Protein chains: 2
Amino acid sequence: MPRNASFDAPLATQFDEWQARGFDADACPVRNVLDRIGDKWTSLLIVALAAKPRRFSELHRAVPDISKRMLTQSLRDLQRDGLVTRHVFPTKPPSVEYRLSPLGQSALGPLAGLIDWAERSFAEIKASRAAFDAGDTSEQISAA
Amino acid sequence: MPRNASFDAPLATQFDEWQARGFDADACPVRNVLDRIGDKWTSLLIVALAAKPRRFSELHRAVPDISKRMLTQSLRDLQRDGLVTRHVFPTKPPSVEYRLSPLGQSALGPLAGLIDWAERSFAEIKASRAAFDAGDTSEQISAA
DNA sequence: TTCAGCAGTCTCTACTCAAGACCTATCGTC
DNA sequence: GACGATAGGTCTTGAGTAGAGACTGCTGAA
């Protein structure tokens, strides 16, 4: 990075590339994929399915405060993206099982990295929030 | 894969732990932190700041389709979480510079991992979406 | 004088999320 | 045969939130 020292060259270069391509929303993997990861429920569902395949009601019990509507919708989104597969068993009341596809399993690694970071940093983040909310904006008035 | 075999033991164990703790939203780092990462703008801003500190208008130009309102709000959130710091320079029109804090820089690694996965998987995801939208639900009707 | 740029704030609209009622089907119970 | 339970969802109805874009106060330049 010629302009200034870079904190993280690969990411910075990435950003310049995206910028050069005009941030086309359809072409930008970050916009596309992180929107799904951050979808409040989808990442939680991926983790829930990491252990084993689960049925609809089982998922509903496993993730307590999700509504059926959002569970349905999140699973459809994940299915549409090819991260989970849906298996219908023609039992008397039909039962439906959701499992991670190979693509979904390949997301577990990066996701685990992020979760690990989240757990390691959570105390610091909570402290920062408390300080901020207490009015300590920790702003620097720097010299011009 | 037998029903109870785990795809990814660490994550699965994590999930059981969260479940045991009742998914307390305040105590769950995932809910807390991933909501921010997936916030549509915040991760993009982190990447934008990875290269170098930037000023408000500079960020607004760098991320073209964010509104000032959302830019302000996203930066406040990041500042509150201690991921970015805000530096005010008392120049004639006051200029404000945002930079990644050490905590914010520590997020670049995991974030880069996720972005790398996103780029590698994007073609597959797009293909899956196209197939799904074309009506190929790729559902398995399995034997009971 | 008027304009442009900086760093935001304010308001208004439109969309989306979440809760919970409801639906279809089958089984077991009375 | 009616009654409720279970399974896997859909529909309806508020409430909250994102986004567009106008506005503010200040300065220096044309």
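Below is a summary of the structure that appears in this document. None of these values were measured; they are calculated from a predicted model.

### Some words on unusual backbone geometry
Stage number 1. Non-glycine residue K40(A) carries a positive phi angle of around 70°.
Stage number 2. You can see K40(A) is positioned in the loop between α2 (29-37) and α3 (42-51).

### As for the pairing of strand β2 (residues 84-89) of chain B
Stage number 1. Here β2(B) lies mainly inside the structure; five of its six residues are buried.
Stage number 2. In this structure, the hairpin formed by β2(B) and strand β3 (residues 95-100) of chain B is closed by a connection of five residues.

### Some details on the relation of the copies chain B and chain A
Stage number 1. The operation relating chain B to chain A is a screw motion whose rotation component is 180°, with 0.0 Å of axial translation and a residual RMSD of 0.1 Å. A rotation of that kind, with that shift, is consistent with a two-fold axis. Rotation axis and chain B: the residue whose C-alpha lies nearest the axis is G38(B), separated from it by 1.7 Å.
Stage number 2. When the interface residues of chain B are mapped onto chain A, 100% of them are again interface residues, pointing to one common binding face.

### Overview of the interface of chain B and chain A
Stage number 1. Of the residues lining the interface, 83 residues belong to chain B; the matching set on chain A comes to 86 residues.
Stage number 2. Carbon and sulfur atoms supply 64% of the area buried between chain B and chain A, which totals about 8000 Å² over both sides.
Stage number 3. Taken together, chain B and chain A are joined by four salt bridges.
Stage number 4. With a shortest N-O distance of 2.4 Å, D133(A) and R80(B) are connected by a salt bridge.

### Digging into the protein's contact with DNA strand C
Stage number 1. In the vicinity of DNA strand C there are 21 residues, among which K68(B), R86(B), S95(B), V96(B) and Y98(B) approach most closely.
Stage number 2. Within 4 Å of the protein, atoms of DNA strand C come from sugar and phosphate in 71% of cases.
Stage number 3. One of the side-chain N or O atoms of W41(A) is found 3.4 Å from a phosphate oxygen in DNA strand C.
Stage number 4. R55(B) is positioned such that a nitrogen or oxygen atom in its side chain is 3.2 Å from a phosphate oxygen of DNA strand C.
Stage number 5. Going through the elements one at a time, α5 (68-80) of chain A together with α4 (56-62), α5 (68-80) and β3 of chain B are the ones with two or more residues in the surface near DNA strand C.
Stage number 6. With four residues, the top contributor of residues to the surface near DNA strand C is α5(B).

### Let's talk about helix α7 (residues 108-133) of chain A
Stage number 1. If you look at α7(A), its biggest bend is around 50°, right at S121(A).
Stage number 2. Looking one or two places after α7(A), you find G135(A), whose phi comes out positive at around 100°.

### Here we look at the protein's contact with DNA strand D
Stage number 1. The full set close to DNA strand D counts 19 residues, and S57(A), R86(A), V96(A), Y98(A) and M70(B) are the nearest of them.
Stage number 2. Here the atoms of DNA strand D within 4 Å of the protein split so that 70% fall in sugar or phosphate, with bases taking the remainder.
Stage number 3. Between DNA strand D and the protein, one listed contact pairs a base oxygen with a side-chain N or O atom of K68(A) at 3.1 Å.
Stage number 4. Interatomic distance of 2.3 Å between a side-chain N/O atom of R86(A) and a phosphate oxygen of DNA strand D.
Stage number 5. Counting only elements with at least two residues in the surface near DNA strand D, the list comes to α4 (56-62), α5 and β3 (95-100) of chain A together with α5 of chain B.
Stage number 6. Residue contributions to the surface near DNA strand D peak at four residues, all from α5(A).
Stage number 7. Of the residues assigned to the surface near DNA strand D, the class counts are six nonpolar, five polar and eight charged.

### With respect to the side chain of H87(A)
Stage number 1. Considering the arrangement of structural elements, one finds H87(A) in strand β2 (residues 84-89).
Stage number 2. Here T85(A) takes part through its side chain, which lies 2.8 Å from a polar atom of the side chain of H87(A).

Cut-offs and rules
- Residues numbered from 1 in each chain as written.
- Chains lettered and ligands numbered in written order.
- Predicted model: local features only at pLDDT ≥ 70, side-chain atom pairs only at ≥ 80, totals over all residues.
- Heavy atoms only, no water.
- Helix = DSSP H or I, 4+ residues; strand = E, 2+ residues; numbered from the N terminus.
- Buried < 20%, exposed > 50% of the residue type's maximum accessible area, 1.4 Å probe, protein only.
- Pairing = 2+ DSSP bridges.
- Least-squares fit on C-alpha atoms with pLDDT ≥ 70 in both.
- Contact = heavy atoms within 4.5 Å.
- Buried area = accessible area lost by both parts, 1.4 Å probe.
- Salt bridge = Lys/Arg side-chain N within 4 Å of Asp/Glu carboxyl O.
- Near = heavy atom within 4 Å.
- Polar contact = N/O pair within 3.5 Å; in protein donor to acceptor, adjacent residues only side chain to side chain.
- Bend = angle between axes of the 7 residues up to and from the residue.
- Nonpolar A, V, L, I, M, F, W, Y, C, P; charged D, E, K, R; others polar.

Honestly, it's all geometry; don't read function into it.
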